[in-house]
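# Notes for the structure review
What follows is the residue order along each chain.
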Amino acid sequence: MTPLLVRGLEIHQGYLDRASQTALVGDLRAVLETAPLFSPDTPYGRKMSVRMSSAGQYGWFSDRSGYRYVPRHPNGTPWPAIPASVLAIWNDVSGCARSPECCLINWYGEGARMGLHQDRDETDFDCPVVSISLGDEALFRIGNPTRGGKTESLWLRSGDVVVMGGSARLTYHGVDRIRFGSSALLPRGGRINLTLRVVS
Ligand SMILES: O=C(O)CCC(=O)C(=O)O
Ligand SMILES: [Fe+2]
């Protein structure tokens, strides 16, 4: 199916069927056993409302010293490998010859959000960021390639995949809120978002 295009972002609605979503959650549980979710501090000293972990060569990390990619979980272990089920999605939609080096796992509980930002801690902006949504619906806000200006919002649902690439690679985006309990995929509610990134 051809994706919906919103400001250059490709939105593949309903990309994953329910069985694939369930399988993916199972693969992620195994990752999170080795690399448990944690709450990073922002450079401004506040806790992020989203809990995070990663798979791949690099994990995304934040503390008082800033945002960066690190080769190990805060507990000292290397990040687990990115599951094959996740890599298959990248290979299908990214249009990128390189493989992702980070699968950032964001877990949104009730009230969690993510402010408008650019993903620009990576080296090669020719590679897209691919985002996979699982669980509760999220109000996703899309801005512009530079700060400010009008924004547009849409609901991301479980199984949706978004490709932020090309001229939209550095477009501002964020999550305003979660419709907690809107999906039954995760038994205790909440939302998982995966973002696949080529880092180096
Ligand atoms: O949760 C989302 O849909 C977006 C996550 C995101 O923008 C990020 O992790 O950089
Ligand atoms: Fe982002």
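The structure presented is a predicted model; accordingly, all values stated were derived computationally and were not measured.

All right, on to the UniProt feature "domain: Fe2OG dioxygenase" (unreviewed entry) in the chain then. As annotated by UniProt and renumbered to match this structure, "domain: Fe2OG dioxygenase" (unreviewed entry) occupies residues 99-200. Across residues 99-200, helical content stands at 0% and strand content at 46%; the span's end C-alpha atoms are separated by 11 Å.

Attention shifts here to the pairing of strand β13 (residues 191-197). Burial runs high along β13: 7 of the 7 residues are buried. The alternating pattern of β13 places R191, N193, T195 and R197 on one face and I192, L194 and L196 on the opposite face, and all of these are buried. In this sheet, β13 lies alongside strand β6 (residues 102-108) in antiparallel orientation, the contact comprising 7 bridges. Counted as the bridge partner of C102 is R197 from β13. Direction of pairing for strand β8 (residues 129-135) relative to β13: antiparallel, over a ladder of 6 bridges. Each residue of the ladder has a partner; that of L134, found in β13, is I192.

With that settled, the discussion passes to the packing of aromatic side chains. Taken as a whole and assessed by the stated rule, the structure comprises 2 aromatic pairs. For the ring pair F38 and F61, a centre distance of 6.0 Å and an interplane angle of 40° mean the geometry is tilted. Of this pair, F38 sits in the loop between α1 (18-34) and β3 (51-55) while F61 sits in strand β4 (residues 59-63), and the two are 23 residues apart along the sequence. Note on W60 and Y67: the rings are 5.3 Å apart at their centroids and 25° apart in plane angle, and the pair reads as stacked. The ring of W155 has R179 lying over it, and the distance from NZ or CZ to the ring centre is 3.8 Å.

Our next topic: the coordination of the iron ion (ligand 2). Within the protein, the atoms that donate to the iron ion (ligand 2) are H117 (NE2), D119 (OD), D119 (OD) and H173 (NE2), at distances of 2.0 to 2.6 Å. If you look at the iron ion (ligand 2), its 6 donor atoms make angles of 51 to 163° with each other, and the shape they trace is irregular. Donor residues for the iron ion (ligand 2), ordered by position in the chain, follow H-x1-D-x53-H. Of this pair, D119 sits in the loop between β7 (114-117) and β8 while H173 is found in strand β12 (residues 173-179), placing the two residues 54 residues apart along the sequence. When its relative accessible area of 5% is taken as the criterion, H173 is described as buried.

This part covers the site of ligand 1. As a matter of local geometry, ligand 1 sits amid 13 residues, with N106, Y108, H173, R191 and R197 nearest to it. Within the side chain of N193, an N or O atom sits 3.3 Å from an oxygen atom of ligand 1. At 2.9 Å from an oxygen atom of ligand 1 is found a side-chain nitrogen or oxygen belonging to R197. Counting residues per element, the shell around ligand 1 draws most heavily on β13, which supplies 4 residues. Classifying every residue of the shell around ligand 1 by side-chain character gives 5 nonpolar, 5 polar and 3 charged.

Rules of the game
- Residues numbered from 1 in each chain as written.
- Chains lettered and ligands numbered in written order.
- Predicted model: local features only at pLDDT ≥ 70, side-chain atom pairs only at ≥ 80, totals over all residues.
- Heavy atoms only, no water.
- UniProt positions renumbered as here; feature names shortened; annotations may be inferred.
- Helix = DSSP H or I, 4+ residues; strand = E, 2+ residues; numbered from the N terminus.
- Buried < 20%, exposed > 50% of the residue type's maximum accessible area, 1.4 Å probe, protein only.
- Pairing = 2+ DSSP bridges.
- Phe/Tyr/Trp six-rings, centres within 6.5 Å; stacked < 30°, edge-to-face > 60°.
- Lys NZ or Arg CZ within 6 Å of the ring centre and 35° of its normal.
- Donors = N, O, S within 2.8 Å, 3.2 Å for Na, K, Ca; no water.
- Tetrahedral: all angles 85-135°; square planar, octahedral: opposite > 155°, others 65-115°.
- Near = heavy atom within 4 Å.
- Polar contact = N/O pair within 3.5 Å; in protein donor to acceptor, adjacent residues only side chain to side chain.
- Nonpolar A, V, L, I, M, F, W, Y, C, P; charged D, E, K, R; others polar.

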